[in-house]
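Residue-level structure breakdown
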Amino acid sequence: MRKSTKWMSVALAGALTVSLAACGSDSKDNETNTSNGGSTTETPKAENVTITFQNIYPDPSTPAAKILDKIVKQYEAEHTNVKIELDSLNTDQQKAKLKTQAASKEVPDITIVNPAAQMKDYVDAGLFAPLNDMLDKNGLKDTFQEGILNWYSFNDNVYALPDGNNVAVMFYNKKLFADAGIAAPPTTFEELLADVKILKDKGITPMVMGEKDTWTGSFLFMNILLRTNGPGFLQSVVDGSKNFSDPAFTEAVDAFQQLVQAGAFQDGATSMDYNAAENLFKTGKSAMYFMGSWATGAIDQSTIGPDAGVFKFPTVNGKGNTDEYMLAPGSAFAISANSKHVEATKDFLNYFMLQFPKVSFDEKNAVTLAQKVDGDFAAAGYSPLQMEVAGIKGAVKGGDLSFDNTMNPATSQVHLTSIQNLFVQKVDSASVGKEHQTAYDSNK
Amino acid sequence: MNALKVPARTIALFVLPCLLLYVCLVFVPIFYSMYTSTFDWNGIGVKKYIGLDNYVNILYHDKVFWPAVKHTLLFAVFSMLEIPVALLIATLLNRYVRKPNFFVSAYFVPVILSVVIIGQLWKTIYNPASLGGMINQTLDSLGLHSWTHSWLTEPDIAMYALYFVALWQYLGYHLLIQFTGISNIPTEIYEAAKIDGAEGFKADWHITFPLVVPIFKISIILAFIGSLQSFDMIMVMTGGGPAHATDVIATHMYNMSFASSKFGYGSAIAIILVIVCLVATVIINTAFNKLEKKIG
């Protein structure tokens, strides 16, 4: 008897220790349901709600983060029962985190996705709530530019709302161009190559590229392909009417290699990340920078802001229409289908997107929005650079999405590496095409 | 040695929490990876069972995998070759330096620095001269312009540039282990040997080295496994590029899982890595046990 009580106490102690230390089962706290005071007759609206808002604006000094913060504060002030919890990460971290969360079906109430191919897997897995009903509320749908929501629609349902609508442009430093004696930005690829040579001879780095993040080089390459082929090359590969050994594709590879061989890019481009490369341009260490128009605000506010200009990507071998651009529909806000508060979250996002253009306009960050903006940019004091970009955006005559927004991730990855390789060695363009085709065929 | 007189089952109970944690954090993920490695799965949607196809593809059709294995193993070899050097320095420090602790601490500093900081630091050192890279600028000023390289972006050199940083960082770590091992050898043994006429290198050969073998073994295993798992420094410095030239098994696994969205495939690579680690540990252990017996 005595022995058995001792045994029991040991067992109890052990069990306690185990329950304290064992892994798993993190109890979801019911913070969201702590009703204030016993009044059971309260309308459901007054229920306290916490909405997790995963976003990619971690740097509080950027306009995007300021805009987000402002609207969130505004909403919380008007809806005292709602608390918005921000989960701000940089782009790559957010991508990895969302994938991990998606694997265990724990997507945050609001998250961020990229358009088309990059969000398809999530939509197919039923992780996002359709937003059609919410778009019809308060006329939100009409604030979006025509056609932009198509990039986020599957089976007639809209699953995400974009924060921007960008095109790829070539930013350039007017002062460095003048120093090198170049009168006007190039309009043909030959002129571009000639300018590269002139700049290089003057000891100026012609172009910067953050090619450690492989999408940057691909973005430029795809713009060349857009000129040699016209829009829709990847689509015709998917349709089966073309393949990667097409002359338009190999011509683009050759043109790209000409640029590399001419020494257009800074030394060590493949180990430099996106931010470092952009900083080289923003500190006047390079004459040109090929990037999406989302960089406009940051460049505008940098030290070379007054000297910065943009030009359209030139024609290649006399081909292409310079009013066709690499299109970059922005990253977009999606709502988790498994959210505990789908309606409340929709309500918030509806408010957020309605406020977005106005607040962005005030923060001087509205040229690249996906929504219509009421207001006169020039009158509001937007800089010449911003006005130039606004002008370009107003004259866009179609174009293509980036490679990784069009093709599945596995094929994209092969493509991105293949283009990165062009920076470090000369490759037969036919073999580049073959590599692409093999990757596409084996990952269909 | 049952001084505590505690029944075995009580011991078992108190070991249990730790054991459970260990099982949850180590074995469950490994077995789960084994399970997912038999699927064609993007990590989000529906899993499709494909048996061992992932393994077949990795071993026979993956153009990145075998070079990555080569890079990893070469790294392991270099790391292990570093241990004798660490042992030698430790011996010298022990014998000729009056206050060796200062040197050991100094060598140890890189180990406690974050890998990200080390990566950024060496990236700057390796930079092209035009961007202020220290090595290239020094070479230039010595008139050795032909020796300058874009260290991290030339496919033939980049991997070695990375090895060097890792070896540099971990020299202090192994030095500390070896140094401690040597310090623990009782001085009486050396005194006795001195009377017998064995001094200096002779004493090291017959006393220090044999007695430090168990410590040496630990270092070797740590170095080997550490280099098989190398990941963070490469991600920071090159991301596996240019064009896979610096991919190792772990970075390839990460890229496949997260960039290419092939989680099943990534899991299969992870399982292969686990197997390689296990086999290698067993081999090294057996080899050293034999060696110890032979010397002992």
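This structure is a prediction, so every number in the text was calculated from the model and none was measured.

A few words on the overall build of chain B. Counting its secondary structure elements, chain B contains 12 helices and two strands. Reading chain B from its N terminus to its C terminus gives the helix and strand order α-β-β-α-α-α-α-α-α-α-α-α-α-α. In terms of overall dimensions, chain B has a C-alpha envelope of 75 × 75 × 30 Å along the principal axes. When burial is assessed residue by residue, chain B has 44% of its 296 residues classed as buried. A fraction of 68% describes how many contacts in chain B between residues 6 or more apart in sequence connect residues 24 or more apart. Accessible surface, chain B as shown: approximately 16,200 Å² in total, 70% of it carbon and sulfur. Averaging the locations of the 17 positively and 15 negatively charged side chains of chain B gives two centres separated by 9 Å.

The geometry of a pair of packed helices is captured by two quantities: the angle between their axes and the separation between those axes. Residues and elements named next belong to chain A. As a packed pair, helix H8 (residues 215-229) and helix H16 (residues 409-424) sit with axes 9 Å apart at the nearest point and diverge in direction by 85 degrees. Comparing their axes, H16 and H8 come out roughly perpendicular. Two secondary-structure elements touch here, H8 through Trp215, Gly217, Ser218, Phe221 and Met222 and H16 through His415, Leu416, Ile419 and Phe423.

Residues and elements named next belong to chain A. Note that strand S1 (residues 49-55) and strand S2 (residues 82-88) share seven bridges and pair parallel. Counted as the bridge partner of Asn55 is Ser88 from S2. Running through helix H2 (residues 63-78), the crossover from S1 to the neighbouring parallel element S2 is right-handed.

What follows concerns the nonpolar core. Residue and element names in this part refer to chain A. The biggest cluster of nonpolar side chains holds 59 residues, and the ones touching the most others in it are Phe128, Leu161 and Phe352. For this core, the element with the highest residue contribution is helix H13 (residues 342-362), accounting for nine residues. Val196, Met222, Leu226 and Phe313 belong to the second-largest nonpolar core, a separate cluster that totals 52 residues.

It is worth spelling out the pairing of strand S9 (residues 286-292) of chain A at this point. Residues and elements named next belong to chain A. Counting buried positions over the seven residues of S9 gives seven, a clear majority of the element. The pairing of strand S8 (residues 205-208) with S9 spans three bridges and is classified as parallel. Bridged to Val208 within S9 is Tyr289.

This next bit is on the domain arrangement of chain A. All names here are of chain A. For chain A, the assigned domains are domain 1 (44-162 + 331-362) and domain 2 (166-328 + 387-442). With nine residues of domain 1 at the contact, the number on the domain 2 side is nine residues. Between domain 1 and domain 2 the total buried area reaches about 630 Å² when both faces are included, carbon and sulfur atoms providing 54% of it. Of all residues in domain 1, the largest losses of buried area upon contact with domain 2 belong to Ala117, Gln118 and Trp151, amounting jointly to 53% of the total for that side. Taken together, domain 1 and domain 2 are joined by zero salt bridges. If you look at where domain 1 meets domain 2, you find two residue pairs in polar contact (both at pLDDT 80 or more). Here the residues of the side of domain 1 that touches domain 2 sort into five nonpolar, three polar and one charged.

The next subject is the packing of aromatic side chains. For the coordinates displayed, the defined rule picks out 55 aromatic pairs over all chains. Measuring from centroid to centroid gives 5.5 Å for A:Phe221 and A:Phe249, while their planes differ by 75 degrees, and the two rings are edge-to-face. Here the residue A:Phe221 occupies a position in helix H8, and A:Phe249 occupies one in helix H10 (residues 247-261), the gap between them amounting to 28 residues. With respect to burial, A:Phe221 and A:Phe249 carry one shared label: buried. Note on A:Phe244 and A:Phe249: the rings are 5.2 Å apart at their centroids and 75 degrees apart in plane angle, and the pair reads as edge-to-face. When its relative accessible area of 0% is taken as the criterion, A:Phe249 is described as buried. Grouped by ring-pair contacts, the aromatic residues A:Phe221, A:Phe233, A:Phe244, A:Phe249, A:Phe256, A:Phe265, A:Phe403, A:Phe423 and A:Tyr440 constitute a single cluster. One residue, B:Lys47, lies across the ring of B:Trp41, its end atom 4.5 Å from the ring centre.

Attention shifts here to the environment of A:Leu259. Among the secondary structure elements, A:Leu259 is positioned in helix H10. Every residue in contact with A:Leu259, bar those within four places of it in the chain, is listed here: A:Phe189, A:Leu192, A:Leu193, A:Val196, A:Met207, A:Leu220, A:Ala264 and A:Phe265.

Okay, the pattern of salt bridges next. Scanning the model with the defined rule gives 14 salt bridges over all chains in all. Note that A:Asp179 is salt-bridged to A:Lys175, the shortest N-O span being 3.7 Å. In this pair, A:Asp179 and A:Lys175 both sit in helix H6 (residues 174-179), four residues apart, roughly one turn of the helix. Its salt-bridge partner being B:Asp204, residue B:Arg95 comes within 1.9 Å of it at the nearest N-O pair. Within this pair, whereas B:Arg95 is found in helix H3 (residues 65-96), its partner B:Asp204 is found in helix H9 (residues 200-228), the two being separated by 109 residues in sequence. By relative accessible area, B:Asp204 is classed as buried at 7%.

Turning our attention to the packing of helix H5 (residues 115-126) of chain B against helix H6 (residues 134-141) of chain B. Residues and elements named next belong to chain B. Between H5 and H6, whose axes approach to 4 Å, the crossing angle comes to 25 degrees. By the angle between their directions, the pair H5 and H6 is classed as roughly parallel. Note on element contacts: H6 touches H5 through Met134, Ile135 and Asn136, opposite Thr124, Ile125 and Tyr126. Classifying every residue of the contact of H5 with H6 by side-chain character gives four nonpolar, two polar and no charged.

Each partner contributes residues to the interface: chain B has 36 residues there, and chain A has 36 residues. Three residues stand out in chain B for area buried against chain A, namely B:Leu13, B:Ile44 and B:Phe258, and they jointly supply 20% of the buried area on that side. The tally of links from chain B across to chain A stands at zero salt bridges. Here chain B and chain A share eight residue pairs in polar contact (both at pLDDT 80 or more) between them. For the side of chain B that touches chain A, the elements supplying multiple residues, two or more each, are helix H1 (8-36), helix H10 (232-237) and helix H11 (249-259) of chain B. Here the side of chain B that touches chain A takes eight residues from H1(B), the largest share from any one element.

Okay, the confidence of the model for chain A next. Per-residue confidence for chain A gives a mean pLDDT of 88; residues scoring 70 or more make up 90%. Taken as a whole, residues 16-43 of chain A scores under 50 in pLDDT and shows 20 contacts with residues more than four places along the chain or in a different chain.

The next thing to look at is H5(B). The α-helix winds at 3.6 residues per turn, so residues separated by three or four positions along the chain end up facing the same way. Residue and element names in this part refer to chain B. Taking 1.5 Å per residue, 12 residues should reach 16 Å; H5 reaches 16 Å between its end C-alpha atoms and fits that length. Taken together, the buried positions of H5 are Val115, Ile118, Gly119, Trp122, Lys123, Ile125 and Tyr126. Buried residues along H5 cover an arc of 160 degrees about the axis, so they all sit on one side. Along its buried surface, H5 packs onto helix H4 (100-112), H6, helix H7 (155-183) and H10. Its side-chain oxygen at 3.1 Å from the backbone nitrogen of Val116, Ser114 defines the N-terminal cap of H5.

Glancing now at the confidence of the model for chain B. Per-chain confidence: chain B averages 89 in pLDDT, with 98% of residues scoring 70 or above. Mean pLDDT across the elements of chain B ranges from a minimum in H9(B), with 88, to a maximum in H7(B), with 93.

Basis of the calculations
- Residues numbered from 1 in each chain as written.
- Chains lettered and ligands numbered in written order.
- Predicted model: local features only at pLDDT ≥ 70, side-chain atom pairs only at ≥ 80, totals over all residues.
- Heavy atoms only, no water.
- Helix = DSSP H or I, 4+ residues; strand = E, 2+ residues; numbered from the N terminus.
- Buried < 20%, exposed > 50% of the residue type's maximum accessible area, 1.4 Å probe, protein only.
- Contact = heavy atoms within 4.5 Å.
- Areas by Shrake-Rupley, 256 points an atom, 1.4 Å probe, with all protein chains shown as cover.
- Lys, Arg positive; Asp, Glu negative; His and termini not counted.
- Charge placed at Lys NZ, Arg CZ, Asp CG, Glu CD.
- Axes fitted to C-alpha atoms, helices over the stretch in contact; angles between N-to-C directions.
- Parallel < 35°, antiparallel > 145°, perpendicular 65-115°, else oblique.
- Pairing = 2+ DSSP bridges.
- Right-handed = clockwise from strand over helix to strand, strands pointing away.
- Core = buried A, V, L, I, M, F, W, Y, C linked by side-chain atoms within 4.5 Å.
- Domains from an automatic or database assignment.
- Buried area = accessible area lost by both parts, 1.4 Å probe.
- Salt bridge = Lys/Arg side-chain N within 4 Å of Asp/Glu carboxyl O.
- Polar contact = N/O pair within 3.5 Å; in protein donor to acceptor, adjacent residues only side chain to side chain.
- Nonpolar A, V, L, I, M, F, W, Y, C, P; charged D, E, K, R; others polar.
- Phe/Tyr/Trp six-rings, centres within 6.5 Å; stacked < 30°, edge-to-face > 60°.
- Lys NZ or Arg CZ within 6 Å of the ring centre and 35° of its normal.
- pLDDT = per-residue confidence, 0-100.
- Expected span 1.5 Å × (residues − 1).
- Arc of directions from axis to C-beta.

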